[in-house]
Amino acid sequence: MDKNITLSPNEVVSFLGKAPERFTLQDMLHFIEANRIRMIDFMYPAEDGRLKTLTFCVNSLQYAETVLSEGERVDGSSLFPSFVEAGSSDLYVIPRYRSAFVSPFAQIPTLCFLCSFFDKDGKPFDCSPERTLQKAEESFTRTTGMVFEAMGELEYYVIIPDEPLFPATDQRGYHESGPFAKLGEFRRRCMDCISRTGAQMKYGHSEVGNFTLDGKIYEQHEIEFLPCPAGSAADQLMLAKWIIRNLAHTEGLDVTFSPKIIEGEAGSGMHIHMRMTRGGRNEVLEDGKLSDIAKRAIAGLMTFAPSITAFGNKNPMSYFRLVPHQEAPTSVCWGDCNRSALVRVPLGWSTGADMLRVANPLEPASRKDTTMKQTFEMRSPDCSADIYELLAGLCVAAREGLDMDPPTALAIAGETYVDIDIHGEDGRRKYSSLRELPLSCEGSAACLEKDRHVYEDGGVFNPRLIDGILRSLRSYGDGDLKERAAKDPSMVKELVKKFFDA
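Please read these numbers as outputs of a predicted model, since none were measured by experiment.

### Some points on helix α12 (residues 387-403)
Relative to the 24 Å expected for 17 residues at 1.5 Å per residue, α12 spans 24 Å between its end C-alpha atoms, a close match to the ideal helical length. Where α12 begins, one side-chain oxygen reaches toward the backbone nitrogen of Y388, 3.1 Å away; that side chain belongs to D386.

Have a look at this one:
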């Protein structure tokens, strides 16, 4: 049997001995019966970005079969108030067997599933974020012949009472170890629980942000995932946020994914790495260098970056994070290993050097193929995002770049490439002509209104969904919020409180 299956932390995968993509209804019933599962949870994201849960009691194996084969109906107007009307609001939720995992928190053995929405006619609900991402992936593959893959970097703060021993250095927490970083073990427990859902993580570490405020330590951490098809990447990020919050609550800790907590201190982002594959080959690289295909996709991101904020930066605190010198982008540009740029092309193991043998002289010469490691990273999004909408928007933008006349796309990539810190004096002078990201939700809505035809093209984003996003963004009335907050600092504290758990 495949060791990847037998060693899987996901109990359903290891018990059944097969990949999740091959799970069937009979597999689920067999697992329920053999493991004496007493409850079934249906889980699905709503418009507020949080997972919702519907719990069923396993009264009998027959009832479990009914639940898992027929699904259930839910009130769509409560889940998606911006674009589902109460007069015609019923939706079906149907479990996706491949998402099955045993709840790491339930005291009664509970089998959990992520669900898809269907409308009254039994068709996939066209406005649901999960369906929108599925359509974006299908359109991308149909147009380009490639698969759009992604992975997320999930940043968050954990808050505990101040502790005088081994104080951390303010804003110098990057990859810090204990005892200066106090919450590494909590992060490990989070990663263990996340792995039980079947998510594939790359690593976890403490991040730059740490500070004390009102007698409490605020310590920033990050968990990063491995690349996979975009739909799976969104599911993993959604479940990870749910797990981190639940584990914190269980342990009496407080966590926040808020984009900004206090001015002058690092905010939390949700950077998204992307790559495009064809037949198992990473098309981001060509002969060890960034390919023209990748540059054309990046050109699409450069073109539509301002409107992408409508999906990836969905509350007013997002725009307090997007300021210079705070590890966040402000201008529409890209660069190699450049953390001041909106899109960064990180190191990708493409040098051809045998670093392993240099570090370990006893090892034989290594010729491992590392080309799949190369990605490019969008640095503007944060955890206020609707993760499914965000990845769908990025997928559409990359597709648009690849649809452009190649010389035009490569010219855009050339014009927006930066090779120094754009927030430094030399950078500001050299790159003064770069477009800026929006400064507010209202500004983001204006950009989306202008570009909406691109996202709606081919039926990817339903117009009702776009209308709902626009209404939500404009409802904040934050066009001049930064100016008002500069005159009244207490306003920022109230906003942080309001969006602390968003």
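Next comes the rest of the account.
### Re the nonpolar core
Counting residues in each nonpolar core, the largest one holds 132 residues, and the members touching the most others are L68, F376 and L394. For this core, the element with the highest residue contribution is helix α8 (residues 230-250), accounting for twelve residues. Sequence-distant contacts of L394, defined by excluding residues within four places in its chain, comprise F148, I272, M274, L301, I308 and M378. In terms of nonpolar packing, the next biggest core, distinct from the first, is built from 15 residues, F211, M317, F320 and L481 among them.

### Re the pairing of strand β7 (residues 147-161)
Looking down a regular strand, the side chains alternate between one sheet face and the other. Judged by how many residues are buried, β7 sits mostly within the fold: 13 of 15 residues are covered. Bridge analysis of β7 against strand β12 (residues 272-278) gives six bridges, and the strand direction is antiparallel. Residue pairing in the sheet places M151 in a bridge with H273 of β12. As defined by bridge partners, β7 adjoins strand β10 (residues 228-229) across two bridges and the pair is classed as antiparallel. Looking across to β10, one finds that E149 is bridged to P229. Sheet analysis places β7 next to strand β9 (residues 216-225), joined by nine bridges and oriented antiparallel. Each bridged residue has a counterpart across the sheet, and for I160 the counterpart in β9 is I217.

### A few points about the packing of helix α7 (residues 184-196) against α8
Between α7 and α8, whose axes approach to 9 Å, the crossing angle comes to 130°. Regarding the angle of α7 to α8, the classification is oblique. The two elements α7 and α8 meet at a crossing, and its hand is right-handed. Seen from α7, the contacting residues are F186, R189, C190, C193 and I194; seen from α8, they are A240, I243, I244, L247 and A248. Each residue belonging to the contact of α7 with α8 can be placed in one class, and the counts come to nine nonpolar, no polar and one charged.

### Describing helix α4 (residues 61-70)
Three or more residues of α4 are buried, namely A64, V67 and L68. The arc that holds every buried residue of α4, seen down its axis, measures 90°, which confines them to one face. Facing away from the buried surface of α4 by more than 90 degrees, the exposed residues are Q62 and E70. Against the buried residues of α4 lie α3 (25-34), β1 (39-45), β2 (51-57), β4 (90-95) and β6 (110-118). Downstream of α4 by one or two residues, G71 has phi in the positive range, about 70°.

### Some points on the pattern of salt bridges
Scanning the model with the defined rule gives 27 salt bridges in all. For the salt bridge of D48 with K52, the shortest nitrogen-to-oxygen distance reads 2.8 Å. You can call D48 partly exposed: its relative accessible area is 43%. Of the residues examined, K52 reaches a relative accessible area of 25% and is grouped as partly exposed. Here the salt bridges share partners, and the residues they tie into one network are E449, R452, E456, D467 and R474.

### Things to note about the environment of S433
Considering the arrangement of structural elements, one finds S433 in the loop between α14 (425-430) and α15 (441-456). For S433, a relative accessible area of 68% gives the class exposed. Spatially, the C-alpha atom of S433 lies 9.6 Å from that of S331, the residues being 102 residues apart in sequence.

### Notes on the packing of aromatic side chains
Overall, the coordinates contain 20 aromatic pairs when judged by the stated rule. Ring centres 5.5 Å apart and planes at 80° place the aromatic pair F105 and W242 in the edge-to-face group. With a gap of 137 residues between them, F105 in the loop between β5 (101-102) and β6 and W242 in helix α8 connect regions that are remote in the sequence. Using a relative accessible area of 21% as the deciding quantity, one classes F105 as partly exposed. Look at W242 and you get buried, because its relative accessible area is 18%. The ring of F257 has K241 lying over it, and the distance from NZ or CZ to the ring centre is 5.5 Å. Residue placement shows K373 over the ring face of W349; its charged tip is 4.4 Å from the ring centre.

Parameters at a glance
- Residues numbered from 1 in each chain as written.
- Predicted model: local features only at pLDDT ≥ 70, side-chain atom pairs only at ≥ 80, totals over all residues.
- Heavy atoms only, no water.
- Helix = DSSP H or I, 4+ residues; strand = E, 2+ residues; numbered from the N terminus.
- Expected span 1.5 Å × (residues − 1).
- Polar contact = N/O pair within 3.5 Å; in protein donor to acceptor, adjacent residues only side chain to side chain.
- Core = buried A, V, L, I, M, F, W, Y, C linked by side-chain atoms within 4.5 Å.
- Buried < 20%, exposed > 50% of the residue type's maximum accessible area, 1.4 Å probe, protein only.
- Contact = heavy atoms within 4.5 Å.
- Pairing = 2+ DSSP bridges.
- Axes fitted to C-alpha atoms, helices over the stretch in contact; angles between N-to-C directions.
- Parallel < 35°, antiparallel > 145°, perpendicular 65-115°, else oblique.
- Left-handed = near helix turned anticlockwise from the far one by under 90°.
- Nonpolar A, V, L, I, M, F, W, Y, C, P; charged D, E, K, R; others polar.
- Arc of directions from axis to C-beta.
- Salt bridge = Lys/Arg side-chain N within 4 Å of Asp/Glu carboxyl O.
- Phe/Tyr/Trp six-rings, centres within 6.5 Å; stacked < 30°, edge-to-face > 60°.
- Lys NZ or Arg CZ within 6 Å of the ring centre and 35° of its normal.

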